[in-house]
Amino acid sequence: MFRYILKRLQALVISLIIASLVIFAAVEVVPGDPASFMLGINAQEDTIMALREQLGLNVSLWERYFTWVTGMVQGDFGTSYTYRTPVSDMIAERMVISLPLALYALTLSTLIAFPAGIIAATRRGSVADVSVMGVTQLGVAIPNFWFAMLMVVVFAINLGWFSAGGFPGWDAGFFAAMKALTLPAIALALPQASILARVMRSSLLDTLSEDYIRTARAKGLTRRQALWRHALRNALIPVLTIIGLQFAFLLAGGIIIEKVFFLPGLGQLIFQAITQRDLIVVESVVMLLVFAVILVNFAVDLAYGIADPRLRRART
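Cut-offs applied
Residues numbered from 1 in each chain as written. Predicted model: local features only at pLDDT ≥ 70, side-chain atom pairs only at ≥ 80, totals over all residues. Heavy atoms only, no water. UniProt positions renumbered as here; feature names shortened; annotations may be inferred. Helix = DSSP H or I, 4+ residues; strand = E, 2+ residues; numbered from the N terminus. Phe/Tyr/Trp six-rings, centres within 6.5 Å; stacked < 30°, edge-to-face > 60°. Axes fitted to C-alpha atoms, helices over the stretch in contact; angles between N-to-C directions. Parallel < 35°, antiparallel > 145°, perpendicular 65-115°, else oblique. Left-handed = near helix turned anticlockwise from the far one by under 90°. Contact = heavy atoms within 4.5 Å. Nonpolar A, V, L, I, M, F, W, Y, C, P; charged D, E, K, R; others polar. Buried < 20%, exposed > 50% of the residue type's maximum accessible area, 1.4 Å probe, protein only.

- As annotated in an unreviewed UniProt entry, the protein chain carries the name ABC transporter permease and comes from Halocynthiibacter styelae.
- Listed under Subcellular location (unreviewed entry) in UniProt, the entry text for the protein chain is "Cell membrane".
- Checking UniProt for the protein chain, the heading Sequence similarities (unreviewed entry) contains the comment "Belongs to the binding-protein-dependent transport system permease family."

Structure follows, in structure tokens:
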């Protein structure tokens, strides 16, 4: 197991290095000068050059890259060109909204998808199976921002159960904050739950048709016992992959949802930084999100080894 974890860590470090190079190169080749953008079209050349020097834009790309990377390793993400505040502080302010929202949505998605996928797989061809597949198909087809606006109209405007948007802050209390995140979390979770339920059903159906399941049944296990003792654990491999990918999407993929509910999260921060040509913010936030994706994939790889020891032995 130790060698398996070590190899996964090596892959994680290599992936981070490659990702940092790609992100830095992609952002730096975007046309336009941040200093010129900040000062406007009527700015004098000497003023622009002075601002470039102040922002550290007049050094070579390699120097900027290594300064950026070494700073991130030490926890320093640089200073925003626009707001002249540490990027780490800006990320921390937005992360207290985006991270709970992503975890909330992922929890709802998993709690909905697992029972739905298991019911559909164990009752293949029944009314329950057809109903689950029909609902999940609808969930995949409906845009989440449209569903979000529909929930605002029904639950916020008509019924008054929730606020139409905004975030009161965690100082207002845990339940008040979670209540403000409930509608956005549901809007994010339902499309992801639909995808996860379909994957769960497909994977479980494939597992239930394996020879070892028939052997377990022949040895006297009931269908329910074979399902919970053998089939479900082995069917989790592709499901864990989807969960990992969904978490990365939910962490920053809810820009439109944040717009609908006026949530100042990471999605809003990236959008603002792009429009303001605040390159250091874009680079740092995107790199943080990539790190989250790679870290989640690392955790999923470890979960693979726990769920299926054959994979762990094959990679050691």
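**A look at the UniProt feature "transmembrane region" (unreviewed entry) in the protein chain**
Here's step 1: The feature "transmembrane region" (unreviewed entry), as annotated in UniProt, sits at residues 12-30, 101-121, 142-162, 174-197, 235-257 and 285-307 in this numbering.
Here's step 2: The distance from the first to the last C-alpha atom of residues 101-121 is 30 Å, and the span holds 100% helix and 0% strand.
Here's step 3: Between the end C-alpha atoms of residues 174-197 the distance is 30 Å, and the span holds 100% helix and 0% strand.

**Some remarks on the packing of aromatic side chains**
Here's step 1: Counted according to the given criterion, the structure contains five aromatic pairs.
Here's step 2: Ring plane angle 70 degrees and centroid distance 5.4 Å describe the contact between Y65 and F66, whose orientation is recorded as edge-to-face.
Here's step 3: Of the aromatic side chains, those joined through ring pairs into one cluster are F167, W170, F174 and F175.

**Thoughts on the packing of helix α6 (residues 127-141) against helix α8 (residues 174-208)**
Here's step 1: Relative to each other, α6 and α8 sit at 140 degrees, their axes nearing to 8 Å. Considering the angle they form, α6 stands oblique to α8. When the axes of α6 and α8 are compared, the crossing they make is left-handed. Only P191, S194, I195, A197, R198 and R201 of α8 make contact with α6, whose side of the interface consists of D129, M133, V135, T136, Q137, G139 and V140.
Here's step 2: Taken together, the residues that form the contact of α6 with α8 break down as six nonpolar, four polar and three charged.

**With respect to the environment of T110**
Here's step 1: Among the structural elements, T110 can be located in helix α5 (residues 87-122).
Here's step 2: You can call T110 partly exposed: its relative accessible area is 21%.
Here's step 3: On a C-alpha basis, the gap between T110 and Q192 in space is 8.7 Å, while along the polypeptide they are 82 residues apart.
Here's step 4: Sequence-distant contacts of T110, that is, excluding residues within four places in its chain, are made with P115, L196 and I243.

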